[in-house]
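# Fold and contact review
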Amino acid sequence: MKGHGTKFQRKKEAAITALLTQRNHEEAAKAVGIDLKTLKRWLRVPEFIEEWRRARWEVAEQSYARAQQNSGAATSVLLMLMADKATPPSSRIRAALGILDLSRDALDLDIETRVSALERSTDLSKSGS
């Protein structure tokens, strides 16, 4: 990817954005104004792949952050559906299972936090010895 200059850099960034927003490689290439073969060739270049993966990771992180920000509202909805006698039984069961899953996930998070603290403590002990 050497020797292409800034125009190439802009195209590469546009291609990564298109890969994240378009339905498939063909539509991504079309959105950027490059040939599909060019995009597929770029997808074999380690530097391009690394930047594409980094961009995908950032998008996923943002999605998880939004989900976490709205988890209180989601839990409230599940609790209301679970307690509402007008809710069909199958939906009440799914809501209850959702609450149980959230409860278990919270315990898993607590365990992960405690294990991480123990690992840090062990690492500090080893480096201090």
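Going by the structure above, here's the rest.
The paragraphs below set out a description of the structure included in this document.

About the cut-offs
- Residues numbered from 1 in each chain as written.
- Predicted model: local features only at pLDDT ≥ 70, side-chain atom pairs only at ≥ 80, totals over all residues.
- Heavy atoms only, no water.
- Helix = DSSP H or I, 4+ residues; strand = E, 2+ residues; numbered from the N terminus.
- Expected span 1.5 Å × (residues − 1).
- Buried < 20%, exposed > 50% of the residue type's maximum accessible area, 1.4 Å probe, protein only.
- Core = buried A, V, L, I, M, F, W, Y, C linked by side-chain atoms within 4.5 Å.
- Contact = heavy atoms within 4.5 Å.
- Axes fitted to C-alpha atoms, helices over the stretch in contact; angles between N-to-C directions.
- Parallel < 35°, antiparallel > 145°, perpendicular 65-115°, else oblique.
- Left-handed = near helix turned anticlockwise from the far one by under 90°.
- Phe/Tyr/Trp six-rings, centres within 6.5 Å; stacked < 30°, edge-to-face > 60°.
- Lys NZ or Arg CZ within 6 Å of the ring centre and 35° of its normal.

### A closer look at helix H4 (residues 46–69)
- In this model H4 runs 34 Å from its N-terminal to its C-terminal C-alpha over 24 residues, within 8% of the 34 Å that 1.5 Å per residue would give.
- For H4, the full list of buried residues reads Phe48, Ile49, Trp52 and Ala55.

### Some words on the nonpolar core
- Ranked by internal contacts, the top residues of the largest apolar core, which has 16 residues, are Ala15, Leu19, Ile34, Leu39, Trp42, Leu43 and Phe48.
- Elements with a contribution of two residues or more to this core: helix H1 (5–21), helix H2 (25–32), helix H3 (36–42) and H4.
- Per-element tally for this core: the top contributor is H1, with 5 residues.
- Contact partners of Ile34, with chain neighbours within four places excluded, come to Lys11, Ala29, Leu39 and Trp42.

### Digging into the packing of helix H5 (residues 71–83) against helix H6 (residues 89–128)
- Direction vectors running N to C along H5 and H6 enclose 140°, while the axes themselves pass 8 Å from each other. Comparing the axis directions of H5 and H6 gives the class oblique. Handedness of the H5/H6 crossing: left-handed. On H6, the residues touching Thr75, Leu78, Leu79, Leu81 and Met82 of H5 are Arg92, Ala95, Ala96, Gly98, Ile99 and Leu102.

### Observations concerning the packing of aromatic side chains
- In this structure the tally under the stated criterion is 1 aromatic pair.
- Between the aromatic rings of Trp42 and Phe48, the centroid separation amounts to 5.8 Å while the plane-to-plane angle is 50°, which identifies the pairing as tilted.
- With relative accessibility at 8%, the residue Trp42 sits in the buried group.
- Taking the relative accessible area as the measure of exposure, Phe48 reaches 0% and is therefore buried.
- It is Arg56 that lies over the ring of Trp52; its NZ or CZ is 4.6 Å from the centre.

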